[in-house]
Every structure is written in C-alpha cells, then in structure tokens.
Amino acid sequence: MSDMTSLVRVQDAGLSHDGGKNFIFRHVDLDIEEGQFVAVLGPSGVGKSTLLRVIMGLIAPTEGTTTLSTAREQTGSRRSALVFQDARLMPWRTVRGNVELGLEGLGLSRSERRQRAEEALELVKLSAEATRWPRQLSGGQRQRVGVARALTVNPDLLLMDEPFGALDAITRKSLQTELLAIWQKTKKTVLFVTHDIDEALLLADRIIVLAGKPASVRGDLRVGQRPRDPSSPGLRALAGRLRSLIAGEEDPGNTPYWQAAEI
Amino acid sequence: MNGLRIGAGGRAGLGAVGLLLLLAIWQASVQFHLVPPGLLPAPTELWAAFVSEVSGGFWVQAIKDSLVHYVAGLLIGSVLGAGAGLVCASVPLVDALTGGIVRLLRPIPGLAWVPFAILWFGLNNVGATFVIAISVFWINFYAAYGAVKSVDQELYEVAAAFGHRGFLARLHYVTLPAAMPGLLAGLRTGLGQGWMSVVAAELFGVPGVGARMMQASSLLATDIVVVYMITMAGLYALTDFLFGLVRDRLLRWQG
C-alpha cells in the first residue's frame with residue numbers, strides 16, 4: 001500500500017465542536033490510493049458524512065491533518081466533488097444549470113460549459129431532461145443530476161455521501177449498477193459513505209469501518225473479484241464480520257484497526 | 001391587498017359578477033333614497049364627472065404628477081429597503097448593530113414623516129418621493145430580511161462544495177436566487193403601499209391624484225373624489241398585473 005500513489009492522506013485526524021471536550025471522531029488514519037473505490041461503512045450518526053467533509057476541506061479538523069494531493073491541477077476541473085444524500089439541487093436552476101454549477105468560475109466559455117454538462121447528462125442517461133426543473137424530476141432522476149454535477153468537474157476525488165440512501169430499492173439497485181459502469185469507464189477515485197453493508201460489498205474495492213464514540217477506524221477490508229454476487233458464501237461471511245465490527249462486538253484491541261486478507 | 005389579479009377564468013368571471021352586484025346595490029340605494037341624498041354619488045353620475053375631469057386636462061395631469069414621485073419613491077425605497085434587509089440578514093454584526101435602530105424607526109408611519117419632508121425638501125416632488133420611499137422601505141426591508149434568513153442553509157454547502165465560497169459568491173449563487181420569491185413578494189406589497197402613500201404625500205399640496213382628491217373633497221364634490229379613488233385602484237391593478245407578469249417569468253422554476 002505504501003508504495004502506491006496515495007491521493008488522500010488522513011493523519012491522526014480528529015474533530016470536535018466544543019473545543020476538545022467531545023470528539024465526533026478521533027485518531028483517524030487513512031490512505032486512499034488513486035483509482036480505488038473505497039466505502040466508508042458505519043452506523044447512522046457516527047460521523048461518516050462529517051469525515052467526508054473534512055477530507056473535502058469543507059470543515060477543518062480540530063486535530064491532525066488531511067491532505068488531498070493532486071498532481072494534475074488541470075484547468076476546467078476541480079480537485080474533488082461531492083454527491084449529497086438528498087441530491088440538493090438548486091430549485092431555480094434547470095437540470096443543465098445545476099450540472100453547470102461547478103463549471104462556473106473555472107474559466108470555461110458558456111458553450112464549453114454547456115457541452116461538458118451535456119456529456120455528463122448523457123453519462124447518467126438524462127440528456128432528455130436537460131431543460132426541466134428539479135421539481136419535475138423523480139427522486140432517482142434528481143440523484144442522477146447530483147452525480148452528473150459532480151462528474152462534470154472531472155474531480156480527482158469523487159465523494160459520495162449515502163447517495164442512494166433515500167431511494168426506493170429498485171431505483172437504488174439500478175443506480176448502483178450505473179455507478180459501477182461509470183466508475184469503470186472514468187476510473188475515478190471514489191470515497192463512498194454508506195450504512196448499508198450489502199451496498200458496500202457490492203460496490204467497493206475496500207471497506208473502511210467507522211464506529212465507536214468518538215468514532216475511529218475499526219476495520220479496513222479489501223474485497224476482491226468483480227462482478228460480485230452479494231449472496232455468495234464468501235461475501236456472506238464478510239458481511240457477518242462487518243456487522244460485528246460496526247456493532248463494536250469485535251474489539252480492535254491494541255491495534256488501531258484490523259485488516260482482512262484479500263478474499 | 002392583491003386587488004384585481006388575472007387568474008383562472010372562473011375566478012375572474014366570479015370577481016366581475018361580484019363587482020357588478022356591488023354597483024347594482026350602490027346604484028339602487030342612491031336611486032331609491034336608501035341613503036340620505038348628497039352622502040354618496042350614484043355610479044351613473046361618475047361618468048359625467050370622469051368626462052369633465054378628463055376634458056379639463058386635470059385627470060391626465062394628476063396621474064402624470066403622481067407617477068413621478070410614485071415611481072421615484074418606489075424605486076428608491078425598494079432598492080434601499082431590500083438592500084438593507086439583505087445586508088442585515090446576512091451580516092450578523094450589522095444585524096446586531098442595527099437591531100435597536102430598526103425597532104425604533106419601524107413603527108413610525110410614513111405620514112408622520114410629512115412635516116420633516118416639507119421641512120427638509122419642501123412641498124414638491126422630492127418631499128413626496130421621500131414619504132413614499134420611507135413607507136416602501138420597511139416593507140422591502142422585512143421581506144428581504146425574512147427571505148434571506150429562511151434560505152436553505154444546506155445550499156450554501158452545495159455552493160461551497162463546488163468552489164463558490166466567500167460573501168459575493170454565496171450572494172450570487174445562493175442568497176439572491178433563493179430569496180427571490182420573498183424579495184418579489186415584498187416588492188409587490190410595496191407597489192400597493194406606494195399608491196396608498198401617494199395620497200398621504202400629496203395631502204399637503206404636492207400636485208397629483210391625491211391632491212386633486214383633496215381639492216374635490218373640500219368642495220364636497222364626492223363624485224370627483226370617487227373618480228380618483230377608482231383611478232387609483234385602476235393604476236394599482238395595472239401596476240400589480242404588470243409586476244405579476246415579470247414575477248411569473250422570474251419564478252418559472254416554482255411552477
């Protein structure tokens with residue numbers, strides 16, 4: 001791991017909102033390699049989303065450091081982009097206008113922005129809805145716009161905050177499949193927050209378990225071959241393991257985190 | 001408060017029926033002496049009064065005179081009010097500093113400023129503009145203040161996540177568009193309040209619709225008074241209708 005290029009490096013990071021009395025998470029160490037699909041798995045309210053925002057630079061950590069080392073600072077792109085849980089589109093912008101949000105201020109011409117947005121909308125199969133308003137879309141479509149908005153800025157790191165958590169099961173399934181296809185096409189580094197074990201097992205190369213109070217990394221697993229069948233015995237066993245890690249039944253003991261062998 | 005609004009066909013039709021009913025009852029009560037004579041002009045007498053006002057040139061002149069300070073007062077009061085409300089709502093320091101001043105000045109009605117308007121600016125368009133601007137100012141101040149305070153805070157995070165940080169970027173990408181419905185509602189209320197203030201501003205002799213109304217009322221020419229009441233209602237309906245068109249265009253996204 002150490003000899004590979006790490007895109008994100010989190011060192012002993014902690015976050016407290018009351019000047020150090022109580023920590024949301026503490027002593028978090030994390031290295032994320034380029035091109036990896038990493039899931040951050042943990043119970044609701046543990047601070048996964050907050051950790052994501054610290055990595056993105058939206059919130060400064062109280063302790064430790066986070067660095068996002070991007071060698072290629074290209075024009076017309078941003079270092080990172082975030083897909084929110086509830087889409088969070090600007091209701092006064094059309095679908096295309098929403099996708100262009102991150103492109104504004106990057107020195108692109110209007111026609112360049114428009115073309116980039118159209119390409120991203122094509123990727124999420126929403127070209128036909130470009131001129132509609134967010135209120136006219138279904139929940140799944142809104143979330144697709146959120147994904148297009150993040151992809152179009154060509155980020156080195158794509159952060160996703162439980163992006164499919166609020167969707168119905170069928171829509172979730174199809175968006176998961178689409179996301180995998182997009183990821184295989186674009187080779188983005190993805191940091192994907194979820195509390196859904198099966199979702200993590202289906203999507204990620206690597207699963208980081210965040211649990212405890214204050215939260216810390218309780219497990220760090222690599223998941224092998226693709227495509228995957230979440231009902232296979234190997235993945236079922238892994239799911240059981242993850243469940244006990246999340247519940248805190250498996251004490252990490254003295255080691256800061258526990259690493260599984262590749263299966 | 002909303003006057004005549006062109007809405008769904010049925011609503012507009014029913015509104016017309018209601019107006020006709022009012023006119024019929026009004027006409028009947030004058031004609032059959034249900035009200036003592038001289039207290040109320042009959043609707044049928046109004047046409048003659050209207051024609052004489054128009055042919056004498058008073059009607060058009062009064063509207064022209066009023067429009068000058070109406071438009072100026074509305075523009076100045078709205079821009080300053082909305083601007084001040086926006087700044088107070090988005091800069092906590094300014095909000096705290098101005099809290100006491102706002103509480104002190106807010107309850108003073110526009111009419112109370114008339115003596116100062118005369119003293120500072122004289123009996124002219126500037127003085128009238130000042131009175132109108134003040135009454136429109138507070139409406140827009142509170143509309144903008146409330147609209148900015150109720151902006152979905154999460155949208156600021158969206159803007160920040162996509163590189164739009166800092167006061168001006170937040171204003172451009174989130175605050176202004178998100179507060180637009182509230183800002184426009186304030187402007188619309190101000191359009192009506194502005195016409196009401198026109199009468200107050202002209203009470204003391206600045207020429208216009210209100211002044212003409214006062215002259216007529218001192219001569220007990222109630223028919224002329226009513227002509228100008230209806231004129232003002234019509235002017236308000238027209239400005240409100242035109243504003244509604246602009247508003248619907250700007251807020252297409254609300255559907």
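Residues numbered from 1 in each chain as written. Chains lettered and ligands numbered in written order. Predicted model: local features only at pLDDT ≥ 70, side-chain atom pairs only at ≥ 80, totals over all residues.

**So, the domain arrangement of chain A**
All names here are of chain A.
Part 1: Structurally, chain A comprises domain 1 (1-72 + 156-263) and domain 2 (91-154).
Part 2: Centre-to-centre, using C-alpha coordinates, domain 1 lies 27 Å away from domain 2.
Part 3: If you look at the interface, domain 1 gives 9 residues, while domain 2 gives 7 residues.
Part 4: The greatest single-element share of the side of domain 1 that touches domain 2, amounting to 4 residues, is contributed by helix H5 (residues 169-186).
Part 5: A per-class count over the side of domain 1 that touches domain 2 returns 7 nonpolar, 2 polar and no charged. (Domains from an automatic or database assignment. Contact = placed C-beta atoms within 7 Å. Helix = DSSP H or I, 4+ residues; strand = E, 2+ residues; numbered from the N terminus. Nonpolar A, V, L, I, M, F, W, Y, C, P; charged D, E, K, R; others polar.)

**Concerning helix H4 (residues 92-105) of chain B**
Side chains three or four residues apart in an α-helix point the same way, a direct result of the helix having 3.6 residues per turn.
Residue and element names in this part refer to chain B.
Part 1: In this model, H4 (14 residues) spans 20 Å end to end at C-alpha, consistent with the 20 Å of a helix rising 1.5 Å per residue.
Part 2: Largest kink in H4: about 45°, centred on Thr98.
Part 3: Little of H4 is tucked away, with 0 of its 14 residues classed as buried. (Expected span 1.5 Å × (residues − 1). Bend = angle between axes of the 7 residues up to and from the residue. Buried ≥ 20, exposed ≤ 12 C-beta atoms within 10 Å, placed from the backbone.)

**Some details on the pairing of strand E9 (residues 216-222) of chain A**
All names here are of chain A.
Part 1: Most of E9 sits inside the fold, with 6 of its 7 residues counted as buried.
Part 2: Where strand E8 (residues 206-211) meets E9, 6 bridges bridge the pair, whose relative direction is antiparallel. Within the sheet, the bridge partner assigned to Ile207 lies in E9 and is Leu221.
Part 3: Two successive antiparallel strands, E8 and E9, enclose a turn made up of 4 residues, where Gly212 displays a positive phi of approximately 100°. (Pairing = 2+ DSSP bridges.)

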